[in-house]
Amino acid sequence: MGKTTGGTQDVDTKDAAIKRVGFDDKGVAYPGVDPETGERKAVTFEGLKKEFGAKDGERIYFEISRIGGHGVEPSAPIDFRPDLSLNMPKDKRAEVEKVLASVNLSPMDKVIAEG
Amino acid sequence: MPSVADNFAKSKTMWNAAKVYTGCALPAEGSIVTLDANGRPDSTENPSAVHMGYTEKGTVYKYKWSKVDAMDDEHTAPHDTRITGEEITVSGGWKQVADPALLETMSVGGTKQAITGGNLVSFGGKKTPTAGTILVVAPMKDDPTKFIQFFILSGYNTEGVEITNTKDAENSSPFSFFALAVASRTDGKNMGWMFIPT
């Protein structure tokens, strides 16, 4: 996997604080997360709600859609919540990682991550 | 006198079977679907993607537009034109009608439910069609390691299902995925795209 026939490339997500997210308590990867590398390649509406809770999950979904220009807004028909690919330019991908990390880190982790 | 060069390259024509996928992740603006060396979508990046199975006679990706002309009494041809409608469809015939998951997706109005002994796909009462992404992947004619992508951002099959049971031929049900606009994407890019690798 991983050959890209055009478009943009994923960024490297080796940051330790980011690498912990994406797995449930049993160590099972959420949809869109590579179970071996932990790299998050996509997000799903239901997956984010499970991972971050209904309120934050929904907010993150639409925030990622805004950053990536996917175009899915809260006002879109309720049955149109497609999975969102994170194959996007590096600067936008970095914004996505910040959004994900801001919710997932514990308060102490946040202090460490933010220096 | 310099002259215009002939513009024909066999490599820029198409002549290959394509595969159709539903439920791919929606790419970010300006990005496409990541494929493996065989032209299959990355399953981590596209966790809900499903191959639609083989088609009867391939697929047709169609973009067309409609217009309104401004006429005047002094001329016989319009003096202005506006695009007033656009349509993208992906159509063909799909074979795998006894696949419950595909049947649910392709029928649009169907709902799949696992019960003892099998899967029940029920019809009747849905008020709004569920839309999703549609991807068609076709190898390039002269370089099958490169793939052309046809994409619908949000669409659904308007043909439902049509299943003929006969001893004379394997079944094929017509399909036509009809694109909706994802209105908050940039104008001119809000229905779908075609990606041609270099």
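For every chain, the first residue of its written sequence is number 1, and the numbers climb from 1 along that sequence. Each chain is given a letter, starting from A, and each ligand a number, starting from 1, according to the order in which they appear as written. Side-chain atom pairs in this predicted model are given and counted only at pLDDT of 80 or more, local residue features only at pLDDT of at least 70, and totals for whole chains, interfaces and linings cover all residues. Excluding hydrogens and water, the side-chain values take into account all heavy atoms of the structure.

A. Just the overall build of chain B, in detail. Scanning chain B from terminus to terminus reveals 1 helix and 10 strands. Along chain B, from the amino end to the carboxyl end, the secondary structure elements read β-β-β-β-α-β-β-β-β-β-β. Considered along the principal axes of its C-alpha atoms, chain B spans approximately 75 × 45 × 40 Å. The buried label applies to any residue whose accessible area, calculated with a 1.4 Å probe on protein chains only, is under 20% of its type's maximum; exposed applies above 50%, and partly exposed to all values in between. Counting over 198 residues, chain B shows a buried share of 37%. Whether two residues touch is decided by their heavy atoms; if any such pair falls within 4.5 Å, the residues are in contact. Long-range pairs, those at least 24 residues apart, make up 61% of the contacts in chain B between residues at least 6 apart in sequence. Residue exposure ignores everything except the shown protein chains as possible cover, and the areas themselves are Shrake-Rupley values with a 1.4 Å probe. Looking at chain B as shown, the accessible area adds up to about 11600 Å², and 53% of this sits on carbon and sulfur atoms. Each charge sign in chain B was given a centre, from 18 positive and 22 negative side chains, and these centres are 6 Å apart. To qualify as a helix, a DSSP run of H or I must reach at least 4 residues; to qualify as a strand, a run of E must reach at least 2; elements of each kind are numbered from the N terminus. The sign given to each residue is positive for Lys and Arg and negative for Asp and Glu; His and the chain ends receive no count. We put the charge of a Lys on NZ, of an Arg on CZ, of an Asp on CG and of a Glu on CD.

B. Examining the environment of Ile88 of chain B more closely. Residue and element names in this part refer to chain B. Within the fold, Ile88 resides in strand E4 (residues 80-94). Note on Ile88: relative accessible area 4%, which makes it buried. C-alpha separation for the pair Ile88 and Tyr54, spaced 34 residues apart in sequence, amounts to 21 Å.

C. Looking closely at helix H2 (residues 45-52) of chain A. Residues and elements named next belong to chain A. Within H2, the full set of buried residues consists of Phe45, Gly47, Leu48, Glu51 and Phe52. Each buried residue of H2 lies within a common arc of 165° when the element is viewed along its axis, so the set occupies one face. Just downstream of H2 lies Gly53, where phi reads positive at about 95°. The reported arc concerns the directions from the helix axis to the C-beta atoms and nothing else.

D. A look at a nonpolar patch on the surface. Residues and elements named next belong to chain B. A patch consists of residues whose relative accessible area exceeds 30% and which take part in no salt bridge; residues with like charges are grouped when within 9 Å of each other, and nonpolar side chains (Val, Leu, Ile, Met, Phe, Trp, Tyr) when within 5 Å. Here, a salt bridge means any side-chain nitrogen of Lys or Arg that lies within 4 Å of a carboxyl oxygen of Asp or Glu. A grouping of Met14, Met194 and Ile196 is seen on the molecular surface, where their side chains present a nonpolar patch of about 280 Å² in accessible area. By the element assignment, Ile196 lies in the segment after strand E10 (192-195). With relative accessibility at 48%, the residue Ile196 sits in the partly exposed group.

E. A look at the side chain of Asp83 of chain A. Assignment of secondary structure puts Asp83 of chain A in the loop between helix H3 (54-68) and strand E2 (84-85). Polar contact is the term for a pair of N or O atoms within 3.5 Å; when the atoms are in protein, one must be able to donate a hydrogen and the other to accept it, and sequence-neighboring residues count only if both atoms are side-chain atoms. Polar contacts involving the side chain of Asp83 of chain A include one to the side chain of Ser48 of chain B, which spans 2.5 Å. Those residues within four positions of Asp83 of chain A in sequence are excluded, and the remaining contacts are Val43 and Thr44 of chain A together with Gly23, Ala25, Leu26, Pro47 and Ser48 of chain B.

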